[in-house]
Amino acid sequence: MKYSTKTGSLTAATHCLVCGLKAAVKAAKELGAGALFDTAVQDFENKAGANLAVRLPGASRVKRILVAGGADGEVGPAEFRKIARSTARDLAGLAAAGVRNAVWALVPVRVKNRDPYWRAFTGTHEMSLALYRFEEHKSEAGRARLGRVRVHADARTRASVARAVNEGQALQQGLELSRNLGNQPPNVCDPNYLLKEARKFGRAANVSVSALDERRMTELGMGAFMAVTTGSARPGRMIIVNYRGGGAKEPPIALIGKGITFDTGGISLKTPKAMIEMKFDMCGAASVLGATRAAIEAELPLNVVTILAAAENMPNGNATRPGDIVKTHSGKTVEILNTDAEGRLVLCDALSYAGRYKPKTVIDVATLTGACITALGHHASAVYANDDALAEALVSAGEWTGDRAWRMPLWPEYQSALDSRFADMANVGGSGGGSIVAACFLSRFAENYSWAHLDVAGSAFGGGSKSGATGRPVALLFKYLLDAAA
């Protein structure tokens, strides 16, 4: 999908014009189709989500007008998202009827406490989500797609809309990468596949890509990571993407992603029902890689170090057993009571390793616990942090983008759940507060810097009829990086 900015007349040639009813009536009259249009919209219910596509006569420069319901009065941010999302879905459907390009003219919609920049950014974001398709492994030709959208702006808003469209294009690239990686089958997307995709970033002049193999991780004392990957025939990798968009001495923001490309649970084997969606257990890694791509595409003036902790969790004769004790990269020891709590094991070594970059901030993202879904469902990602300002910035970025998150407690009282008689800590606690206890575990490896953990088990992918990677929380992370760059 290509986005650009357009000024001037709304009736310039396009396959589809997307606008509110008042603007649509005016445009139809200018195109000489006023009577036809008035008849078509006679019974139209002008409310958010109730759109109407009207086909104009064949000689018209504008082939169709998609009337966005509810776009003529003042609306709230949530209602505007509904308008943008519903029109984007209708545009996707119109592609089958030959619509290949569109003019999106909803920036003038009055939204409470939101400026034209937000409206344009939100519009491109919703279109990127709605127009996404993953059909790489289908034998038949893919469905027709919309190829280009021009976001209309007037002279007064042109600069801010152009900036939003450029950043929306960068976000689209990051979302597409993240969702494509998440949707790949596990026989394709393994740790080496993630490394291959990450290496493509190295084509940019200010990006370098490296990786630690299992031999090097063993030498570095990453016993927790190695305890996870040891049961798999596919070797694990710790992948590092170093983007240097800021000053040479500016400390980087570190993004760390859980990249378990398939999770059987190891010796603590999952049930088949619980295992079917475990190709998505690398969506944390996919999201931080997607956010990094967006930052590179937007040429943000900051430094970002992105670390993917990539491994499979498989059972074989070499696999870690419940009760095994390992030494982490930090030197702390862990009694592994449940091999299906593997994400925190690869992440703890990644968190310790990130310290060598002297980061300003560290944010890890993981599909970490089913308990997070119990707590928050699929609407919000969970945020844990040892820094109030960082937590507030992430939650705020989520509210701004609609990629919402909710801060959870990280109180000292929860730490005792990790007590072990035989090691410094256990990798799981009791039956209560599972997402919190997992965050407590990670916090013990992030004591020396500003840190936040996003548990995205409920938000990073959907199940059933909505099965697939969502790309969350790429938008939240990208907005956080935009704010940090500003």
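Before any of the text, the structure's been laid out above.
It should be emphasised that the depicted structure is a prediction, and the values quoted were computed from it without experimental measurement.

### Digging into the environment of Lys 6
At step 1: Assignment of secondary structure puts Lys 6 in strand 1 (residues 2–6).
At step 2: On the basis of relative accessibility, which here comes to 8%, the residue Lys 6 falls in the buried class.
At step 3: For Lys 6 and Val 149, which are 143 residues apart along the polypeptide, the C-alpha to C-alpha distance reads 9.5 Å.
At step 4: Of the polar contacts made by the side chain of Lys 6, one reaches the backbone oxygen of Ser 9; its length is 2.6 Å.

### Some words on the environment of Cys 189
At step 1: Inspection of the secondary structure assignment puts Cys 189 in the loop between helix 5 (158–183) and helix 6 (191–199).
At step 2: Sequence separation between Cys 189 and Met 282 is 93 residues; the distance between their C-alpha atoms is 9.3 Å.
At step 3: Apart from residues lying up to four places away in sequence, Cys 189 is in contact with Leu 181, Gln 184, Leu 194, Thr 261 and Met 282.

### Overview of the environment of Leu 177
At step 1: Here Leu 177 is to be found in helix 5.
At step 2: On the basis of relative accessible area, Leu 177 is assigned to the buried category, the value being 7%.
At step 3: Note: C-alpha distance between Leu 177 and Gly 471 (294 residues apart in sequence) is 8.4 Å.
At step 4: Sequence-distant contacts of Leu 177, that is, excluding residues within four places in its chain, are made with Glu 197, Phe 201, Leu 289, Gly 290 and Arg 293.

About the criteria used
Residues numbered from 1 in each chain as written. Predicted model: local features only at pLDDT ≥ 70, side-chain atom pairs only at ≥ 80, totals over all residues. Heavy atoms only, no water. Helix = DSSP H or I, 4+ residues; strand = E, 2+ residues; numbered from the N terminus. Buried < 20%, exposed > 50% of the residue type's maximum accessible area, 1.4 Å probe, protein only. Polar contact = N/O pair within 3.5 Å; in protein donor to acceptor, adjacent residues only side chain to side chain. Contact = heavy atoms within 4.5 Å.

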